[in-house]
Amino acid sequence: MCMDQKNIEQKRTEDLELARAAFSGDDQAWRRIYDDTSQSLFNFLCYQTGDRDTARDLLQDTYVTALGRLNTFQGSGTLLGWLRAVALRKCLDWRRRAAMHIRKLGAFAQEKSSFTDSTAQEAFPGLGAGFQDALDRLSPRQRAALLLRELEDLPFAEVAQSLGCGEATARVHHHRAC
């Protein structure tokens, strides 16, 4: 067995012992797991989501899930790899929920933006017949941000919450829509 293989096996054994100790209630073991893995997982989730606040939420969800399921860690890989798989599943769930929410907002936006020319003129004076065409050219997120902000007069914090993104991202979607 080469030296690298020996180190990998030793790491797996240490991780398995650490996971078992944390699962049985050892706070120091759990603290060590968190300290050893949190920054790497946070960076991974930031890359996956593109939003630090969402990454923090998903990181918390990852650790809550992991704490309850540490007994399922078999030691066939590293603990960080196992936690990264849990984090990825959390991220994929978040993406599915966000996509569903975007589709609902898109349908809402289409419903709200299906104006006749006279209604469009009343809601947005001076925009004329090309208003619907302009809305149709926007991405679903841009359209939703524009309509929620301008039609519903929601603050950017609520627009962001509706879109499932950070407030700065909601502002960017709104700005690009304008």
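As shown above, the structure is provided for reference.
Scope of this entry: the structure provided in the associated data block. As the structure is a prediction and not an experimental result, all values here were calculated from the model.

So, how was this worked out
Residues numbered from 1 in each chain as written. Predicted model: local features only at pLDDT ≥ 70, side-chain atom pairs only at ≥ 80, totals over all residues. Heavy atoms only, no water. Helix = DSSP H or I, 4+ residues; strand = E, 2+ residues; numbered from the N terminus. Buried < 20%, exposed > 50% of the residue type's maximum accessible area, 1.4 Å probe, protein only. Contact = heavy atoms within 4.5 Å. Areas by Shrake-Rupley, 256 points an atom, 1.4 Å probe, with all protein chains shown as cover. Core = buried A, V, L, I, M, F, W, Y, C linked by side-chain atoms within 4.5 Å. Phe/Tyr/Trp six-rings, centres within 6.5 Å; stacked < 30°, edge-to-face > 60°. Axes fitted to C-alpha atoms, helices over the stretch in contact; angles between N-to-C directions. Parallel < 35°, antiparallel > 145°, perpendicular 65-115°, else oblique. Nonpolar A, V, L, I, M, F, W, Y, C, P; charged D, E, K, R; others polar. Bend = angle between axes of the 7 residues up to and from the residue.

Along the protein, the regular secondary structure elements total 9 helices and 0 strands. Counting all 178 residues of the protein, 37% fall into the buried class. Restricting the contact set of the protein to residue pairs at least 6 apart, pairs at least 24 apart contribute 57%. Carbon and sulfur atoms provide 50% of the accessible area of the protein, an area that totals close to 10,700 Å².

This part covers the nonpolar core. In terms of nonpolar packing, the biggest core is built from 26 residues, with Trp30, Ile33, Leu45, Leu70, Leu79, Trp82 and Leu83 touching the most fellow members. Going through the elements one at a time, α1 (3–23), α2 (27–49), α3 (52–69) and α4 (79–113) are the ones with two or more residues in this core. By residue number, the principal contributor to this core is α2, which donates 8 residues. Contacts of tryptophan 30, omitting those with residues within four sequence positions, involve Ala22, Tyr63, Ala66, Leu67 and Leu70. Judged by nonpolar contacts, the second largest core, of 11 residues, contains Ile102, Leu105, Leu163 and Cys165.

Quick look at the packing of aromatic side chains now. Scanning all chains against the criterion turns up 3 aromatic pairs. Aromatic side chains tryptophan 30 and tyrosine 63 sit 5.7 Å apart centroid to centroid with 90° between the ring planes, which places their arrangement in the edge-to-face category. Here tryptophan 30 is found in helix α2, whereas its partner tyrosine 63 is found in helix α3, with 33 residues between them in sequence. Taken as a pair, tryptophan 30 and tyrosine 63 share a single burial class, namely buried. Joined through ring pairs, the aromatic side chains of Trp30, Tyr34 and Tyr63 make up one cluster.

Okay, the packing of helix α8 (residues 156–163) against helix α9 (residues 167–177) next. For the pair α8 and α9, interaxial distance at closest approach is 8 Å and the crossing angle is 95°. One finds that α8 runs roughly perpendicular with respect to α9. Between α8, through Phe156, Ala157, Val159, Ala160 and Leu163, and α9, the contact on the second element is made entirely by Glu167, Ala170, Arg171, His173 and His174. Class assignment for the residues of the contact of α8 with α9 results in 6 nonpolar, 2 polar and 2 charged.

This part is about α2. Bending of α2 peaks at approximately 45° at the position of threonine 37. Taken as a whole, α2 has its buried residues at Ala29, Trp30, Ile33, Thr37, Ser38, Leu41, Phe42, Phe44, Leu45, Cys46, Gln48 and Thr49.

A separate point is the environment of leucine 58. Relative to the helices and strands, leucine 58 is located in helix α3. A residue is classified by how much of its surface remains accessible, and leucine 58, at 3% relative accessible area, is buried. Separated by 35 residues in the primary sequence, leucine 58 and aspartate 93 have C-alpha atoms spaced 9.9 Å apart.

The next point concerns the side chain of histidine 173. Structurally, the position occupied by histidine 173 is in helix α9. Residue histidine 173 is classed as buried on the basis of its relative accessible area, which comes to 13%.

Looking now at the environment of alanine 19. Summarising the element assignment, alanine 19 is placed in helix α1. The exposure class assigned to alanine 19 is buried, which follows from its relative accessible area of 0%. Residues contacting alanine 19, with those up to four places away along its chain left out, are Ile33, Leu70, Phe73 and Leu79.

Tracing the chain through its elements places phenylalanine 42 in helix α2. Here phenylalanine 42 falls in the buried class, since its relative accessible area comes to 10%. Distance in space between the C-alpha atoms of phenylalanine 42 and aspartate 57 is 9.8 Å, their sequence separation being 15 residues. Apart from the residues lying within four places of it in its own chain, the contact partners of phenylalanine 42 are Arg52, Ala55, Arg56 and Leu59.

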